[in-house]
Amino acid sequence: LGWLKTPTEVMGVAAEFTKIRALGMPAAYLTTAAYAILVSRKDTTSPLACVCLAASVNVVLDWIAVAYFGMGASGAAWATTVALWVGCFAILNVVNDRGYAKHFPWGTLKWKEQLAPVMVFFGPITFLVFALLSIYTALILFANSLGVTVSAAHRIAGNVFAVAVLCG
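Not measured: the values here are computed from a predicted model.

J.: Which residues make up the environment of Thr18, and what are the values?
T.: Summarising the element assignment, Thr18 is placed in helix α1 (residues 11-22). When the C-alpha positions of Thr18 and Ser74 are compared, they lie 9.0 Å apart, and in sequence the two are 56 residues distant. Within the local environment of Thr18, its side chain forms a polar contact with the backbone oxygen of Ala14, the two atoms lying 2.8 Å apart.

Now the structure itself:
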């Protein structure tokens, strides 16, 4: 948070928020993997239902934690973390119920033969991703050093740019 030039008046709240949200990262990774399994099987409805469930849980818990208990940012972080885990368990349950988890060849992968074609692209792609993330991080640091308003405008402009790129 210090590298992102987080203002000192919100550093404590931001640190607590980040620590709580970090507890939900394994759920986010597992959900992403389960989503890929389902989409590869041409099932987009089940992941959507799981995301809707998680979003509903998040909204309800946000209201309870922030409005009712007055927990502020930490309450919002706990609500989001719980919602991530609820969505994770829901989507993993779908993957398990459909029998996709038991068809994975655990322990039978031939790493060298299967990874060789991927490794040809691994180096250049890794370099490209690292370069792009470094540039984006530098832009965020620069925008944050110019103040909250510039930082917010930078994030909005970045999102508008991403939507424009995705939409063509």
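From this point, the discussion proceeds with the structure in view.
J.: Give a description of the environment of Ala101 that names residues and reports values.
T.: Among the secondary structure elements, Ala101 is positioned in the loop between α4 (72-97) and α5 (111-145). For Ala101, a relative accessible area of 34% translates into the label partly exposed.

J.: Residues and numbers for the side chain of Thr80, please.
T.: As for its position among the elements, Thr80 is in helix α4. Taking the relative accessible area as the measure of exposure, Thr80 reaches 15% and is therefore buried. When near neighbours in sequence (up to four residues on either side) are disregarded, Thr80 contacts Arg21 and Asn58.

J.: I'd like a rundown of the nonpolar core, residues and numbers included.
T.: Listed in full, the eight residues of the largest apolar core are Ala34, Leu38, Cys50, Ala90, Ile91, Val94, Val95 and Tyr100. Elements with a contribution of two residues or more to this core: α2 (25-40) and α4. Examining the composition of this core, we find that four residues originate from one element, α4, more than from any other. Apart from the residues lying within four places of it in its own chain, the contact partners of Val94 are Leu38, Ser46 and Cys50.

J.: Give me the packing of helix α3 (residues 45-68) against α4: which residues, what numbers.
T.: Where α3 contacts α4, the axes come no closer than 8 Å and their chain directions differ by 155°. Overall, the two elements α3 and α4 adopt an arrangement that is roughly antiparallel. As for how α3 packs across α4, the hand of that crossing is right-handed. Mapping the contact onto sequence places Ser46, Pro47, Cys50, Leu53, Ala54, Val57, Asn58, Leu61, Asp62, Ala65 and Val66 in α3 and Gly72, Gly75, Ala76, Ala79, Thr80, Val82, Ala83, Val86, Gly87, Ala90, Ile91 and Val94 in α4.

J.: Can you tell me about α4, naming the residues and giving the values?
T.: With 26 residues, α4 ought to run about 38 Å at 1.5 Å a step, and its terminal C-alpha atoms sit 38 Å apart, in line with that. Just downstream of α4 lies Gly99, where phi reads positive at about 80°.

J.: If you had to explain the packing of aromatic side chains to someone new, which residues and values would you point to?
T.: Applying the stated rule across the entire model yields two aromatic pairs. Here Tyr68 and Phe69 contribute two aromatic rings whose centre-to-centre distance is 5.0 Å and whose plane-to-plane angle is 75°, an arrangement assigned as edge-to-face. Grouping residues by exposure puts Tyr68 and Phe69 together as exposed. On the basis of an interplanar angle of 35° and a centroid distance of 5.8 Å, the ring pair of Trp85 and Phe89 is categorised as tilted. Highlighted residues: Trp85 and Phe89, both in helix α4, separated by four residues, approximately one helical turn. You can call Phe89 exposed: its relative accessible area is 54%.

How each quantity is defined
Residues numbered from 1 in each chain as written. Predicted model: local features only at pLDDT ≥ 70, side-chain atom pairs only at ≥ 80, totals over all residues. Heavy atoms only, no water. Helix = DSSP H or I, 4+ residues; strand = E, 2+ residues; numbered from the N terminus. Polar contact = N/O pair within 3.5 Å; in protein donor to acceptor, adjacent residues only side chain to side chain. Buried < 20%, exposed > 50% of the residue type's maximum accessible area, 1.4 Å probe, protein only. Contact = heavy atoms within 4.5 Å. Core = buried A, V, L, I, M, F, W, Y, C linked by side-chain atoms within 4.5 Å. Axes fitted to C-alpha atoms, helices over the stretch in contact; angles between N-to-C directions. Parallel < 35°, antiparallel > 145°, perpendicular 65-115°, else oblique. Left-handed = near helix turned anticlockwise from the far one by under 90°. Expected span 1.5 Å × (residues − 1). Phe/Tyr/Trp six-rings, centres within 6.5 Å; stacked < 30°, edge-to-face > 60°.

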